[in-house]
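# Architecture at a glance
In case you want the letters, here they are:
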Amino acid sequence: MPQRRPGRPRRDQSRPTREVVLSAATALFAERGFDAVGLREVAAAAGVDVATVAHHTGTKAALYDACFARVFSAEREVLTQAAEQARSALDAGPDAARRALHDLVDVFVDFLEDRPETTALWLRRWLEPQRHAELDQRYAEPLYRLVTELLTAAAAAGALVEPTPHITVRSLVWAAHGHVVALASGAPGARERREFRVFVHRFLDGLYGPAGS
């Protein structure tokens with residue numbers, strides 16, 4: 001059996017190699033961006049050789065894409081479930097619809113807090129808006145549409161008045177990412193998390209509550 005080189009991290013044998021590679025690459029791209037990360041660094045962080053990285057993901061551009069696909073898949077799973085629950089609440093009236101929207105936002109914020117590399121990965125990408133724009137089309141726009149269509153359906157059902165759902169969705173997304181950045185910069189964790197949820201619920205109630213009707 002070949003011996004590991006001194007200092008080389010041992011690969012996590014409990015997870016598939018591709019998942020280990022993608023996890024390591026996501027952390028590196030999130031920290032330093034696309035240009036500053038090489039495949040050899042990814043291999044070292046994952047505890048494999050460069051050939052293994054290339055075998056599982058191909059080029060660096062393909063690896064970068066796969067990192068976004070990975071976080072998108074996880075995010076889509078939780079948001080789709082929450083959006084379906086919110087849709088089912090529309091017929092129960094405005095109060096039930098607003099509570100379901102609160103729950104949807106909480107699910108999104110929970111996801112980002114639990115996986116802050118998602119925010120860091122996207123912020124690195126958005127620092128260069130003209131590069132890798134296809135990632136937005138594949139891995140951001142579908143989720144924006146999911147929630148935009150939910151708000152549009154809620155408005156059509158008379159549960160709320162929402163003239164610009166796309167603006168509301170993007171505003172909430174950016175606010176949530178900013179919240180995660182604040183936590184990463186050392187903001188008091190439990191207090192910041194609690195206060196941000198209160199703010200978002202108050203924001204939604206201001207848009208859709210009785211005073212805004």
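This text follows the structure it describes.
To start, this report covers the structure provided alongside it. Everything quoted here is computed from the prediction, not taken from an experiment.

Helix and strand content of the chain: 10 helices and zero strands. Mapped in sequence order, the helices and strands of the chain form the string α-α-α-α-α-α-α-α-α-α. Residue burial in the chain is summarised as follows: out of 213 residues, 43% are buried. Counting contacts in the chain only where the partners sit at least 6 residues apart, residues at least 24 apart contribute 69% of the total. Summing over all exposed atoms, the chain offers an accessible surface of approximately 11,400 Å²; the carbon and sulfur share of this is 55%. Distance from the positive charge centre (27 side chains) to the negative charge centre (27 side chains) of the chain: 7 Å.

What follows concerns the packing of helix 1 (residues 17-32) against helix 4 (residues 60-89). Axis separation between helix 1 and helix 4 bottoms out at 9 Å; the angle between their running directions is 95°. Here helix 1 lies roughly perpendicular to helix 4, going by the angle between them. Across from Arg18, Glu19, Val21, Leu22, Ser23, Ala25, Thr26 and Phe29 in helix 1, the residues of helix 4 making contact are Lys60, Leu63, Tyr64, Ala66, Cys67, Arg70 and Val71. Its residues assigned to classes, the contact of helix 1 with helix 4 shows nine nonpolar, two polar and four charged.

Moving on to the side chain of Glu75. Among the structural elements, Glu75 can be located in helix 4. Although Glu75 is buried, it forms no salt bridge, and the closest oppositely charged side chain is Arg115 at an N-O distance of 8.5 Å.

Core analysis: the biggest nonpolar cluster contains 61 residues, and Phe29, Val42, Leu63, Leu101 and Leu121 have the highest contact counts within it. Sort the elements by how many residues they give to this core and helix 4 lands first, with 12 residues. With residues near it in sequence (within four places) discarded, Leu101 still touches Leu150, Leu151, Leu160, Leu204 and Tyr208.

A separate point is unusual backbone geometry. You will see that His132, though not glycine, has its phi angle at about 55°, which is positive. On the secondary structure map, His132 appears in the loop between helix 6 (116-126) and helix 7 (133-139). With relative accessibility at 18%, the residue His132 sits in the buried group.

A few words on the environment of Glu141. Inspection of the secondary structure puts Glu141 in helix 8 (residues 141-156). According to the relative accessible area criterion, Glu141 is partly exposed, its value standing at 25%. When neighbours within four sequence positions are excluded, Glu141 is seen to be in contact with Asp136 and Arg170.

Moving on, we come to the environment of Thr59. Mapped onto the elements of the fold, Thr59 is located in the loop between helix 3 (50-57) and helix 4. With 20 residues separating them in the primary sequence, Thr59 and Leu39 have C-alpha atoms 8.4 Å apart.

Basis of the calculations
Residues numbered from 1 in each chain as written. Predicted model: local features only at pLDDT ≥ 70, side-chain atom pairs only at ≥ 80, totals over all residues. Heavy atoms only, no water. Helix = DSSP H or I, 4+ residues; strand = E, 2+ residues; numbered from the N terminus. Buried < 20%, exposed > 50% of the residue type's maximum accessible area, 1.4 Å probe, protein only. Contact = heavy atoms within 4.5 Å. Areas by Shrake-Rupley, 256 points an atom, 1.4 Å probe, with all protein chains shown as cover. Lys, Arg positive; Asp, Glu negative; His and termini not counted. Charge placed at Lys NZ, Arg CZ, Asp CG, Glu CD. Axes fitted to C-alpha atoms, helices over the stretch in contact; angles between N-to-C directions. Parallel < 35°, antiparallel > 145°, perpendicular 65-115°, else oblique. Nonpolar A, V, L, I, M, F, W, Y, C, P; charged D, E, K, R; others polar. Salt bridge = Lys/Arg side-chain N within 4 Å of Asp/Glu carboxyl O. Core = buried A, V, L, I, M, F, W, Y, C linked by side-chain atoms within 4.5 Å.

Just distances and angles here, no functional claims.
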